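The primary structure of each chain is shown beneath.
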Amino acid sequence: MKSIQIAIDGPSGAGKSTMAKLVSQKLGIMYLDTGAMYRALALKAIRQNIDTNDSEKVSELLSDFNISIKYENGSQKVILNGEDVSDKIRTDEVSMGASNVSAIPAVRKRLVELQQKMASNTSVVMDGRDIGTHVLPKADVKIFLTASVAQRALRRYNEQKDKGILKKSLEEIEKEIEIRDYNDSHRAASPLKQADDAVLLDTSNYTIEESVEKILEIIRSKGLPNAL
Ligand code: DC
């Protein structure tokens, strides 16, 4: 059967990874979280006290950057040079660092090549910022997932509260999301932008289940053979 490629892009906190993962499970195909790759590189820089905005020093790290993404019992494991860093890449410090390293052209070039290689000859749901525009420009389905800043901040606030790791006010979280949105959409290298042929889906007023159903509807509407 022909492999299918589904690209899900959008700003931070729109629920891309939650939705992409669930959609990949429903379709029984691979899920690739490209943000995790930028996060792993940011973690490597932070650990070596390298400023994540220092393009020269961060680019040098690429010579010893081996990243793989595995699945164990349905959960994603991000392996950086043999170490499981799945949890360590989810801190606020790494989030900001990832936004910085992702603006460096040499970093994007290397990670995009890697992502394209990972998606070749296999069906995949890939989420990120530039999947529909650069990584998989010929993807069968492109979705631009978004939600209001207030909704995204509230979701992050509740998520951190539930995990017992809440350290910031809702206003502070909202501010950080605004800064990351600005950085991600104003950088020179592949800024966050909806692909011309992507379907816009605003999930502000939908639950996770409703959003997943909307995405499946979009996929079905493309008439893909194994999308039911
Ligand atoms: O999706 P995320 O929050 O895990 O992504 C972390 C950072 O990486 C985010 O600031 C944007 C950047 N990123 C990117 O530039 N391109 C991608 N394909 C994925 C993420």
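A quick note: this is a predicted structure, and the numbers were derived from the prediction, not measured.

It is worth spelling out the pattern of salt bridges at this point. The final tally for this structure, using the stated rule, is 15 salt bridges. A salt bridge links Arg108 to Asp130, with the shortest nitrogen-to-oxygen separation between them at 2.8 Å. You can see Arg108 sitting in helix H5 (residues 105-119) and its partner Asp130 sitting in the loop between strand S6 (124-128) and helix H6 (131-135), a full 22 residues away along the chain. Each member of the pair, Arg108 together with Asp130, is buried. Three or more residues are tied together by salt bridges with common partners; here these are Arg47, Glu83 and Lys88.

This part covers the site of the ligand. Taken together, 15 residues lie around the ligand, and Arg39, Arg108, Arg129, Asp130 and Arg187 are the ones closest in. Here an oxygen atom of the ligand and a side-chain polar atom of Ser102 are 3.4 Å apart. Taking Arg129, its side chain carries an N or O atom lying 2.9 Å from an oxygen atom of the ligand. A total of 450 Å² of accessible area belongs to the ligand in isolation, and the protein chains cover 94% of it. Broken down by element, the shell around the ligand gets its largest block of residues, three residues, from helix H2 (residues 35-47). Across the shell around the ligand, the residue classes break down as three nonpolar, five polar and seven charged.

Moving on, we get to helix H8 (residues 170-186). Over its 17 residues, H8 extends 24 Å from the first C-alpha to the last, a length consistent with the 24 Å expected when each residue adds 1.5 Å. Listed as buried for H8 are Ile173, Ile177, Arg180, Asp181 and Asp184. Axial view of H8: buried residues confined to an arc of 105°, hence all on one face. Of the exposed residues in H8, those oriented more than 90 degrees away from the buried face are Glu171, Lys175, Tyr182 and His186. Among the structural elements, H2, helix H4 (92-101) and helix H7 (149-162) are those in contact with the buried residues of H8.

The next thing to look at is H4. Among the 10 residues that make up H4, seven are buried, leaving the element largely enclosed by the rest of the structure. If you check which residues of H4 are buried, you get Val94, Ser95, Gly97, Ala98, Ser99, Asn100 and Val101. Of the surrounding elements, those touching the buried residues of H4 are H2, helix H3 (55-61), H5 and H8.

Here H7 crosses H8 at 125°, and the two axes come no closer than 9 Å. Put simply, H7 runs oblique to H8. As H7 packs across H8, the resulting crossing turns out to be right-handed. For the pair formed by H7 and H8, the contact residues are Val149, Ala150, Arg152, Ala153, Leu154, Arg156, Tyr157 and Gln160 on the first element and Leu170, Ile173, Glu174, Ile177, Glu178, Arg180 and Asp181 on the second.

Reading guide: rules and limits
- All residue numbers refer to positions counted from 1 along the written sequence of the respective chain.
- Local features in this predicted model are restricted to residues of pLDDT 70 or higher, and side-chain atom pairs are both shown and tallied only at a pLDDT of 80 or more, whereas totals for entire chains, interfaces and linings draw on every residue.
- Only hydrogens and water are removed before side-chain values are computed, so all heavy atoms of the structure are retained for them.
- What makes a salt bridge here is a side-chain nitrogen of Lys or Arg within 4 Å of a carboxyl oxygen of Asp or Glu, nothing more.
- Where helices and strands are cited, they refer to DSSP runs of H or I of at least four residues and of E of at least two residues respectively, numbered from the N terminus.
- Only protein chains enter the accessibility calculation, which uses a 1.4 Å probe; a residue is then buried when its area is under 20% of its type maximum, exposed when over 50%, and partly exposed in between.
- One heavy atom suffices: a residue is near a molecule or strand as soon as one of its heavy atoms comes within 4 Å of it.
- Identification of polar contacts relies on pairs of N or O atoms within 3.5 Å, with a donor-acceptor requirement for protein atoms, meaning one able to donate a hydrogen and the other able to accept it, and with residues adjacent in sequence counted only if both atoms are side-chain atoms.
- Accessible surface area values rest on a Shrake-Rupley calculation with a 1.4 Å probe, where residue burial reflects the displayed protein chains alone.
- Here the term charged refers only to Asp, Glu, Lys and Arg, the term nonpolar to Ala, Val, Leu, Ile, Met, Phe, Trp, Tyr, Cys and Pro, and the term polar to all other amino acids, Gly among them.
- To estimate how far a helix should extend, the number of its residues minus one is multiplied by 1.5 Å.
- Taking the helix axis as origin, the arc is that swept by the directions to the C-beta atoms.
- Contacts: residue pairs with any heavy atoms within 4.5 Å of one another.
- Angles shown run from 0 to 180 degrees and are taken between the N-to-C directions of axes, each axis being a line fitted to C-alpha atoms and, for helices, limited to the stretch in contact.
- Note on angle classes: values under 35 degrees are labelled roughly parallel, values over 145 roughly antiparallel, values of 65 to 115 roughly perpendicular, and the remainder oblique.
- What makes a crossing left-handed is the near helix being turned counterclockwise from the far one by less than a right angle; a clockwise turn instead makes it right-handed.

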